[in-house]
Amino acid sequence: MTRSTADAGLTGPAATAEAVAAGPRAARPTSWSRRRRLRKTTELSILLGPGLVLFILFVLGPIAVGIYYSLYNWDGYGPVSDFIGLKNYTYAFKSDDFVTAILHTLLLTGLALVIQGPLSLGIALLLNRKFRGRSFMRLVIFAPYVLPPAVTAVMWSLLLQPDGFTDQVFRAVGLGGLVSLWLANQHIVLYTNFVVLSWQYLGFGIVLLLAGLQGIPIELKEAAAIDGATAWQVTRRVVLPLLGPTIRIWVFITVIGSLQVFDIIWLMTQGGPAGASDSMATYMYRTGFQNQAFGYGTAVSIIMFIFCLVFCLAYQRFALRRDTAGALTRAVV
Amino acid sequence: MAALATADRARSRGHGRWTIIPATYLVSIVILGLTIVPLLYVFLDGAKSNGQLGENSIALPHPWVWANYGSILTTAPFWQFLGNSALIATVATVLAVGLGSMAAFALSRYAFRGRELYYTLFISGLLFPIVMAALPLFALLQDLGLTDNWLGVALPEAAFSLPITMLILRPFMRAIPGDLEDAALVDGAGRLRFFVQILIPLCKPALVTVSLLAFVTSWNQFLLPLLVFTTQSHFTLPVGVSVYQSTYSSNTALILAFTMMAAVPALAVFVFAERYLVAGAAGAVKG
């Protein structure tokens, strides 16, 4: 957005007041206009300053400092002196454990998109009508999303214990043959994690899409129906295209969330057994914090950040560009 | 909301109603089961002895054993964790919404060079989830002497809540008619007074939404307090749950009861705040 359009969009009196100030008086600044300008600067510093300081100190600062730490061999304590250049990065990409963690993270992200996406969409379309108990349903569907992920993780790790609740349910309904060591079998554990992640986050997608669906004017659907469109055609040709912006935001939030998944995996399996459920974030925590390879862990988090950034830029370029009201897109231009 | 209600009424009169409603109920029941049953069983199994649990997790407790819940509610850790979580989430929310609304005011209703740049800077924070910044953040907190200190968790959480706060508040503030501001200025109010006495009350719906988002985000945060705290009496509820799990690993029924108690505050707040959280989700879409 250019500055001129931004100013044109401003509805406050500042724009008009400034236009006046920029008039004939501008050439010969009086003490009055100087005082006004000083006052505006003071107000702006009071309003903007504290937030900006907090944000730069705790959000941008650590990222910048992280890039610096990632170039050192450092244990997190004492002086940062052992400069090793990009060795942390090359080591990371040569490490089978980390490459596996990257693949797991990408797999979880992909699964979220192809399984949670259509599922949320289908359920949202079904629930987007008036029926008895609808607000209760919406409440129940959204509930897991507000649980602390740590609580979800501990809860499911207990329910999934061998011979625990889940196994007993499987046996009770005659599916005892499917029972496995959900959290200990290397071939299953990642998918177990995915199911629990879906349990927590599916409701968010459904509620987000429902909110989007309710923003679609009923007249458009009625007009299409009157013109002879079937229910499927109305959904496919009218509803889905109009839901585009909501779906694209859901994809954005889901990908960013999946790339940094930590709490649930860490508390259910600590990335194990033997790294079989490691994500980039659990790998980062274990190597960087627990094993005190702090500089290396920081390099891993910078790599995570680069994944995030690349996705955002590509997504902005190819998908979000079409949304006019994309404040998110402006962030990455 | 009125418009939505009308739309729904119109929709329910539309065709196809009788084929789709049964499917809606079927899907509803399945979701209900998958969502509520696990939670219900955490509660029920917490009211069993470990012996009962081993024999049968599915049946109702027989007899009901309230000792697990009793011991949790009458000992210090649960209340300490709860208190710590509440303190940290409250301070993080007040800071994020307080400083965020001031900054959003400056960036929505003042014209100055670099305004869009500042806004972009804040919004770019959406790209930095707290997990990715955690390690260097921890090093910074060490330098500031804020490790094992609740401020070391509350301040960064407030900072990381600023982007979404700005994203929702700025368009909201922008949409409030300039005439109101003109009138206030003509009547002799300064712009700061206009902000406090007129704009803030008008922004109440958006403020409730961003407050809830900041509060829930802080309440659920796990990695940062895990890094920052070393003393058990400082732990927040999520960290407390995880510690409880590893401390009493053989006493499954007790951990289940504790997990249930840890879920209750979030669910209780949620039941009356759901409307605003959904509005927040919708607000994020509209950008």
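Bear in mind that the values here come from a model prediction, so they are computed numbers and not experimental data.

Visitor: How should I be thinking about the overall build of chain B in this particular structure?
Guide: Counting its regular elements, chain B contains 14 helices and zero strands. Mapped from its N terminus to its C terminus, chain B presents α and β elements in the order α-α-α-α-α-α-α-α-α-α-α-α-α-α. Within chain B, the fraction of its 287 residues that count as buried is 56%. Total accessible area computed for chain B in this model is approximately 11,700 Å², and 69% of it derives from carbon and sulfur atoms.

Visitor: Just checking my understanding: could you explain the overall build of chain A for this structure?
Guide: When helices and strands are counted, chain A shows 15 helices and zero strands. Contacts in chain A between residues at least 24 apart in sequence constitute 66% of all its contacts with a sequence separation of at least 6. Here chain A displays about 15,500 Å² of accessible surface, and carbon together with sulfur accounts for 64% of that area.

Visitor: Which parts of the structure should I look at to understand the pattern of salt bridges?
Guide: Pairing is possible between side chains of opposite charge, provided their charged atoms come close. Counted under the stated rule, the structure contains eight salt bridges over all chains. In this structure, Asp278(A) engages Arg286(A) in a salt bridge whose closest nitrogen and oxygen atoms are separated by 2.4 Å. Asp278(A) gets classed as buried once you look at its relative accessible area, which sits at 2%. Residues Arg170(B) and Glu116(B) are paired through a salt bridge, measuring 3.1 Å at the closest nitrogen-oxygen approach. Placement of the pair is Arg170(B) in helix 8 (residues 151-174) and Glu116(B) in helix 6 (residues 115-124), with a sequence separation of 54 residues.

Visitor: Could you clarify how one ought to interpret the packing of helix 3 (residues 31-69) of chain A against helix 8 of chain B in this entry?
Guide: A pair of packed helices can be characterised by two numbers: the angle between their axes and the separation between those axes. Their axes nearest at 9 Å, the elements helix 3 of chain A and helix 8 of chain B cross at an angle of 110°. Taken together, the axis directions place helix 3 of chain A and helix 8 of chain B in an arrangement best described as roughly perpendicular. Residues Gly51(A), Leu54(A), Phe55(A), Phe58(A) and Val59(A) of helix 3 of chain A form the contact with helix 8 of chain B, whose own contacting residues are Leu155(B), Pro156(B), Ala158(B), Ala159(B), Phe160(B), Leu162(B) and Pro163(B).

Visitor: Would you mind going over the side chain of Thr259(B) with me for this structure?
Guide: Mapping Thr259(B) onto the fold places it in helix 14 (residues 252-286). A relative accessible area of 1% means that Thr259(B) is categorised as buried. Here Ile255(B) takes part through its backbone oxygen, which lies 2.6 Å from a polar atom of the side chain of Thr259(B). If we ignore the near neighbours within four places in the chain, the residues touching Thr259(B) are Val151(A), Val154(A), Met155(A), Leu158(A), Val42(B) and Val241(B).

Visitor: Which parts of the structure should I look at to understand the interface of chain A and chain B?
Guide: Quite often, the size of an interface is put as the accessible area lost when its parts meet. Contacts between chain A and chain B engage 110 residues on the former and 117 residues on the latter. Where chain A abuts chain B, roughly 10,100 Å² becomes buried across the two surfaces, and 76% of that area is made up of carbon and sulfur atoms. Taken as a group, Leu47(A), Phe55(A) and Phe58(A) account for 7% of the area that chain A buries against chain B, more than any other trio of residues on that side. For the pair chain A and chain B, the number of links is zero salt bridges. Summed over the shared surface of chain A and chain B, the number is six residue pairs in polar contact (both at pLDDT 80 or more). At 20 residues, the largest contribution of residues to the side of chain A that touches chain B is made by helix 3 of chain A. Among the residues forming the side of chain A that touches chain B, the class breakdown is 78 nonpolar, 17 polar and 15 charged.

Visitor: Any chance you could explain the packing of aromatic side chains here in plain terms?
Guide: The geometry of an aromatic ring pair comes down to the distance between the two centres and the angle between the two planes. Taken as a whole, this structure holds 45 aromatic pairs over all chains when the rule is applied. Centre to centre, the rings of Phe93(A) and Phe98(A) are 6.2 Å apart; their planes meet at 65°, and the pair counts as edge-to-face. Centroid distance Phe105(B) to Phe195(B): 4.5 Å. Interplanar angle 20°. Geometry classified as stacked. Here the residue Phe105(B) occupies a position in helix 5 (residues 76-109), and Phe195(B) occupies one in helix 10 (residues 191-202), the gap between them amounting to 90 residues. According to the relative accessible area criterion, Phe105(B) is buried, its value standing at 0%. Classification of Phe195(B) by relative accessible area gives buried; the value is 7%. Members of the aromatic cluster, connected to one another through ring pairs, are Tyr68(A), Tyr69(A), Tyr72(A), Trp74(A), Phe83(A), Phe262(A), Trp266(A), Tyr285(A), Phe289(A), Phe294(A), Phe138(B) and Phe222(B). Looking at Arg170(B), its charged tip hangs above the ring of Tyr119(B), at a distance of 3.9 Å from the centre. The ring of Tyr110(B) carries the charged tip of Arg191(B) above its face, separated from the ring centre by 4.0 Å.

Visitor: So what exactly am I meant to see when it comes to a nonpolar patch on the surface here?
Guide: Residue and element names in this part refer to chain A. Taken together, Val114, Ile115 and Leu119 make up a surface patch of nonpolar side chains, about 260 Å² in accessible area. Structurally, Ile115 is set in helix 5 (residues 96-127). Overall, Ile115 belongs to the partly exposed group, its relative accessible area being 39%.

Visitor: Hey, could you run me through helix 7 (residues 130-144) of chain B in this one?
Guide: In an α-helix there are 3.6 residues to a turn, and that puts residues three or four apart on one side. The end-to-end C-alpha separation of helix 7 of chain B is 18 Å, well short of the 21 Å expected for 15 residues at 1.5 Å each. The largest bend in helix 7 of chain B is about 40°, located at Pro136(B). Burial runs high along helix 7 of chain B: twelve of the 15 residues are buried. Inspection of helix 7 of chain B places Ile130(B), Val131(B), Met132(B), Ala133(B), Ala134(B), Leu135(B), Pro136(B), Leu137(B), Phe138(B), Ala139(B), Leu140(B) and Leu141(B) among the buried residues, and these make up the whole buried set. Close packing links the buried residues of helix 7 of chain B with helix 3, helix 13 (280-290) and helix 14 (294-318) of chain A together with helix 8 and helix 12 (223-228) of chain B. Immediately beyond the C-terminal end of helix 7 of chain B, within one or two residues, lies Gly145(B), with a positive phi of roughly 70°.

Visitor: Help me out: how do you make sense of the environment of Gly228(A) in this one?
Guide: Along the polypeptide, Gly228(A) turns up in the loop between helix 10 (218-226) and helix 11 (231-259). The sequence separation of Gly228(A) and Arg317(A) amounts to 89 residues, and the corresponding C-alpha distance is 37 Å.

Visitor: How do you make sense of the environment of Tyr191(A) when you look at a structure like this?
Guide: Residue and element names in this part refer to chain A. As for its placement among the helices and strands, Tyr191 is situated in helix 9 (residues 189-214). Exposure remark for Tyr191: the relative accessible area of 43% places this residue in the partly exposed category. It is 24 Å that separates the C-alpha atoms of Tyr191 and Ala124, two residues lying 67 residues apart in sequence. Leave out the neighbours within four places in its chain, and Tyr191 touches Leu107 and Leu111.

Visitor: For this particular structure, what's the right way to read the environment of Tyr145(A)?
Guide: Mapped onto the secondary structure, Tyr145(A) falls in helix 6 (residues 134-146). Among the residues examined, Tyr145(A) registers a relative accessible area of 29% and is labelled partly exposed. Along the chain, Tyr145(A) and Leu267(A) lie 122 residues apart, while their C-alpha atoms are 17 Å from each other. Filtering out sequence-adjacent residues up to four positions away, Tyr145(A) remains in contact with Gln200(A), Tyr201(A), Phe204(A) and Asn220(B).

Visitor: Looking at this structure, how should I read the nonpolar core?
Guide: Side chains of nonpolar character tend, in soluble globular proteins, to be buried together. With 172 residues, the main nonpolar core has Phe98(A), Phe122(B) and Leu223(B) as its most contacted residues. The next biggest cluster of nonpolar side chains, apart from the first, holds 21 residues, and it includes Ala124(A), Leu202(A), Ile206(A) and Ile21(B).

Visitor: I'm lost on the confidence of the model for chain B in this one. Help?
Guide: In low-pLDDT regions, the fine details of the predicted coordinates are not to be read closely. Residues and elements named next belong to chain B. With 90% of its residues at a pLDDT of at least 70, chain B reaches an overall mean of 84. Across residues 1-15 the pLDDT falls below 50, and counting only partners more than four positions away or on other chains, this stretch makes 14 contacts in the model. Across the interfaces of the predicted complex, the ipTM metric reaches 0.84, alongside a pTM of 0.84.

Cut-off values and rules
- Residue numbers run consecutively from 1 along every chain, following the written order of its sequence.
- Numbering of ligands from 1 and lettering of chains from A proceed in the order in which they are written.
- Where totals are concerned, whole chains, interfaces and linings use all residues; where local detail is concerned, this predicted model gives features only for residues with pLDDT of at least 70, and gives and counts side-chain atom pairs only at 80 or more.
- Side-chain measures here rest on the full set of heavy atoms in the structure, leaving out hydrogens and waters.
- Where helices and strands are cited, they refer to DSSP runs of H or I of at least four residues and of E of at least two residues respectively, numbered from the N terminus.
- Burial status follows relative accessibility: with a 1.4 Å probe on protein chains alone, a residue under 20% of its type maximum counts as buried, one over 50% as exposed, and anything between as partly exposed.
- Computed with a 1.4 Å probe, the accessible areas rest on the Shrake-Rupley method; for each residue, only the protein chains presented here act as cover.
- Should any heavy atoms of two residues lie within 4.5 Å, those residues are counted as being in contact.
- Salt bridge, as applied in this entry: a Lys or Arg side-chain nitrogen positioned within 4 Å of an Asp or Glu carboxyl oxygen.
- In this description, a line fitted to the C-alpha atoms serves as the axis of each element, helices being fitted only across the stretch in contact, and the angle between N-to-C directions of two axes falls anywhere from 0 to 180 degrees.
- An angle counts as roughly parallel when it lies under 35 degrees, as roughly antiparallel when it exceeds 145, as roughly perpendicular when it falls between 65 and 115, and as oblique in every other case.
- Counted as a polar contact is a pair of N or O atoms within 3.5 Å, where, for protein atoms, one must be capable of donating a hydrogen and the other of accepting one, and residues adjacent in sequence contribute only when both atoms are in side chains.
- Simply put, the buried area is the total loss of 1.4 Å probe accessible area from both parts when two parts are fitted together.
- As a working rule, the residues Ala, Val, Leu, Ile, Met, Phe, Trp, Tyr, Cys and Pro are called nonpolar, Asp, Glu, Lys and Arg charged, and the rest polar, with Gly in that last group.
- Only rings of Phe, Tyr and Trp enter the pairing, Trp through its six-membered ring, and a pair is recorded when the two centres are within 6.5 Å. The plane angle decides the type: under 30 degrees is stacked, over 60 is edge-to-face, the rest tilted.
- Each ring is checked for a lysine NZ or an arginine CZ that lies within 6 Å of its centre and within 35 degrees of its normal; such an atom marks a charge sitting over the ring.
- Residues enter patches when they are more than 30% accessible in relative terms and free of salt bridges; like-charged ones are connected within 9 Å and nonpolar ones (Val, Leu, Ile, Met, Phe, Trp, Tyr) within 5 Å.
- Expected helix span is computed as 1.5 Å times (number of residues minus one).
- Note on bend: the value at a residue is the angle between axes fitted to the seven residues ending there and to the seven starting there.
- In this description, a nonpolar core means a group of buried Ala, Val, Leu, Ile, Met, Phe, Trp, Tyr and Cys residues linked to one another through side-chain atoms lying within 4.5 Å.
- Per-residue confidence from the prediction method is given by pLDDT, with values spanning 0 to 100.

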